[in-house]
Amino acid sequence: MTCKEFEELMTAYLDGELPEDKRESFERHIQSCKRCQSEMSSYENCTRIFQKFSKDEDPPEALRKAVFEKCCCEDPSDCCPPRKRNN
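What counts, and at which threshold
- Residues numbered from 1 in each chain as written.
- Predicted model: local features only at pLDDT ≥ 70, side-chain atom pairs only at ≥ 80, totals over all residues.
- Heavy atoms only, no water.
- Helix = DSSP H or I, 4+ residues; strand = E, 2+ residues; numbered from the N terminus.
- Buried < 20%, exposed > 50% of the residue type's maximum accessible area, 1.4 Å probe, protein only.
- Contact = heavy atoms within 4.5 Å.
- Areas by Shrake-Rupley, 256 points an atom, 1.4 Å probe, with all protein chains shown as cover.
- Axes fitted to C-alpha atoms, helices over the stretch in contact; angles between N-to-C directions.
- Parallel < 35°, antiparallel > 145°, perpendicular 65-115°, else oblique.
- Left-handed = near helix turned anticlockwise from the far one by under 90°.
- Nonpolar A, V, L, I, M, F, W, Y, C, P; charged D, E, K, R; others polar.
- Expected span 1.5 Å × (residues − 1).
- Phe/Tyr/Trp six-rings, centres within 6.5 Å; stacked < 30°, edge-to-face > 60°.

Undergrad: I'd love a proper account of the overall build of the protein, names of residues and values included.
TA: For the protein, the helix and strand inventory stands at five helices and zero strands. Counting from the amino terminus, the protein carries its helices and strands in the arrangement α-α-α-α-α. Residues counted as buried form 30% of the 87 residues belonging to the protein. A fraction of 49% describes how many contacts in the protein between residues 6 or more apart in sequence connect residues 24 or more apart. Accessible surface, the protein as shown: approximately 6,200 Å² in total, 47% of it carbon and sulfur.

Here it is, written out as structure tokens:
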């Protein structure tokens, strides 16, 4: 698996939506790639911040963008989809 493939599958992995063969390849890659380990950690940290921020409402877009720029990526729409609601 390449780092680009890893990035494309990260959200599906975290949501438990990857088929077993892709999940195994994803997990092998993250064990051996420091860059992707860091990317995964940043994504998980951003997700935790937003979960703590609000349970019922999405944060203002300006705040969301500022947080993702600091901890994840320059353009949050590239790597961090909007939070899914449990409704």
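On we go from here.
Undergrad: Report on the packing of helix H1 (residues 3–14) against helix H2 (residues 20–32), specifying residues and quantitative values.
TA: The interhelical angle for the contact between H1 and H2, taken along N-to-C directions, is 120°, at an axis separation of 10 Å. One element, H1, and the other, H2, form an angle in the oblique class. As H1 runs across H2, the sense of the crossing is left-handed. For the pair formed by H1 and H2, the contact residues are Cys-3, Phe-6, Leu-9, Met-10 and Tyr-13 on the first element and Lys-22, Arg-23, Phe-26, Glu-27, His-29 and Ile-30 on the second. Tallied by class, residues from the contact of H1 with H2 come to seven nonpolar, one polar and three charged.

Undergrad: Run through the environment of Tyr-43, naming residues and quoting values.
TA: Relative to the assigned elements, Tyr-43 resides in helix H3 (residues 34–53). Residue Tyr-43 is classed as buried on the basis of its relative accessible area, which comes to 8%. For the pair Tyr-43 and Phe-68, spaced 25 residues apart in sequence, the C-alpha to C-alpha distance is 8.6 Å.

Undergrad: Any details on H1? Residues and values, ideally.
TA: Between the first and last C-alpha of H1 there are 16 Å, a value that for 12 residues agrees with the 16 Å anticipated at 1.5 Å per step. Looking one or two residues beyond H1, the residue adopting positive phi is Gly-16, at roughly 70°.

Undergrad: Go over the packing of aromatic side chains, please, and point to the residues and values.
TA: Using the criterion set out here, one finds two aromatic pairs in the structure. Summarising the aromatic geometry, the rings of Phe-6 and Phe-26 are spaced 4.3 Å apart at their centres and angled 15° between planes, so their arrangement reads as stacked. Remark: Phe-26 occurs in helix H2 and Phe-6 occurs in helix H1; sequence separation between them is 20 residues. Each ring, one from Tyr-13 and one from Phe-26, has its centre 4.2 Å from the other, and the planes form 20°; the classification is stacked. With Tyr-13 in helix H1 and Phe-26 in helix H2, this pair connects stretches of sequence that are 13 residues apart. Here Tyr-13 falls in the partly exposed class, since its relative accessible area comes to 24%. Here the aromatic cluster, defined as three or more aromatic residues joined through ring pairs, consists of Phe-6, Tyr-13 and Phe-26.

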